[in-house]
Amino acid sequence: HANNTVSRRLQEGEHIGKVLRQGPLAQPEEERRLENRRSAGIEKQLTLLNSERSLLECTLMRFPSNSAGRTLAERRQKREAEERLEEIDRTLRDLRQALRQIGGAG
């Protein structure tokens, strides 16, 4: 049925590029384009989060491992950095999983 529609449209003088873009092959190509865009967005997020993760790790290295910090401000800074690092790790895990699912679907 789809080939009959394509043949009819070509006979009616439509340009072959337009017929193929709108024909039965259009949907998978559009899906691939969307998957590629989604993958690129996820990869950008991964890059940004990994950079932030590195900065947080450097921040945490300034604190002795056997201490919460000398002052209240240092303790708060260390705690906030550790909490943010945990949050980033969870998000990175989720993003990697999403990227694997996109890769597996295509």
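Along each chain, numbering runs from 1 in the same order as the chain's sequence is written. Confidence filtering applies because this is a predicted model: local features only for residues at pLDDT of at least 70, side-chain atom pairs given and counted only at 80 or more, and all residues used for totals across whole chains, interfaces and linings. Only heavy atoms go into the side-chain values, all of them from the structure, while hydrogens and water stay out.

A. Layout of the overall build of the protein chain. Segments assigned H or I by DSSP are reported as helices when at least four residues long, segments assigned E as strands when at least two residues long, and all are numbered from the N terminus. Across its full length, the protein chain holds 4 helices and 0 strands. Helices (α) and strands (β) of the protein chain occur, in sequence order from the N terminus, as α-α-α-α. Residue burial is assigned from relative accessible area. The probe radius is 1.4 Å, only protein chains are included, and a residue is buried under 20% of its type maximum, exposed over 50%, and partly exposed in between. By residue count, 22% of the 106 residues in the protein chain fall in the buried class. In what follows, a contact means two residues having at least one pair of non-hydrogen atoms within 4.5 Å. For the protein chain, restricting intrachain contacts to residue pairs at least 6 apart in sequence, the fraction spanning at least 24 positions comes to 59%.

B. Region of the structure containing the pattern of salt bridges. Here a salt bridge means any side-chain nitrogen of Lys or Arg lying within 4 Å of a carboxyl oxygen belonging to Asp or Glu. Per the stated rule, a full pass over the model turns up 8 salt bridges. Measuring nitrogen to oxygen at the nearest pair gives 2.7 Å for the salt bridge that ties Glu52 to Arg84. Here Arg84 lies in helix α4 (residues 72-105) and Glu52 lies in helix α3 (residues 26-61), a separation of 32 residues in the sequence. Residue classification places Glu52 among the partly exposed residues on the basis of a relative accessible area of 26%. Given the relative accessible area of 25%, Arg84 is considered partly exposed. A salt bridge links Glu87 to Arg84, with the shortest nitrogen-to-oxygen separation between them at 2.8 Å. Residue Glu87 and its partner Arg84 are both found in helix α4; the two are separated by 3 residues, about one turn of the helix. Relative accessible area serves as the criterion here: at 38%, Glu87 is assigned to the partly exposed category.

C. Region of the structure containing the environment of Glu52. Each C-alpha atom of the pair Glu52 and Ile88 lies 8.3 Å from the other, and the pair is 36 residues apart in sequence. When neighbours within four sequence positions are excluded, Glu52 is seen to be in contact with Arg84 and Ile88. Counted as a polar contact is a pair of N or O atoms within 3.5 Å, where, for protein atoms, one must be capable of donating a hydrogen and the other of accepting one, and residues adjacent in sequence contribute only when both atoms are in side chains. Separated by 2.7 Å, the side chains of Glu52 and Arg84 make a polar contact.

D. Examining a positive patch on the surface more closely. Patch members must show over 30% relative accessible area and no salt bridge, and they are joined within 9 Å when carrying like charges or within 5 Å when they are nonpolar side chains of Val, Leu, Ile, Met, Phe, Trp or Tyr. Every accessible area reported is derived by Shrake-Rupley at a probe size of 1.4 Å, with residue values counting cover from the shown protein chains alone. Within this scheme the basic residues Lys and Arg register as positive and the acidic residues Asp and Glu register as negative, but His and the chain ends are omitted. In this description, the location of a charge corresponds to atom NZ of lysine, CZ of arginine, CG of aspartate or CD of glutamate. A cluster of basic residues, Arg90, Arg93, Arg96 and Arg100, forms a positive patch on the protein surface. Summarising the element assignment, Arg93 is placed in helix α4.

E. Spotlight on the confidence of the model for the protein chain. Per-residue confidence from the predictor is reported as pLDDT, which spans 0 to 100. Here the protein chain averages 81 in pLDDT, while 73% of its residues score no lower than 70. The secondary-structure element of the protein chain with the lowest mean pLDDT is helix α2 (residues 16-22), recorded at 51, while α4 shows the highest, at 92.

F. Examining the nonpolar core more closely. Only buried residues count toward a nonpolar core. Its members are Ala, Val, Leu, Ile, Met, Phe, Trp, Tyr and Cys residues joined through side-chain atoms within 4.5 Å. Judged by nonpolar contacts, Ile42, Leu46, Leu49, Leu56, Leu60, Phe63, Ala81, Leu85, Ile88, Leu92, Leu95 and Ile102 together constitute the single largest core of 12 residues. Counting residues per element, the ones that place at least two in this core are α3 and α4. With 6 residues, the single largest contributor to this core is α4. In this structure Leu85 touches Arg53, Leu56, Glu57 and Leu60, once residues within four positions along its chain are discounted.

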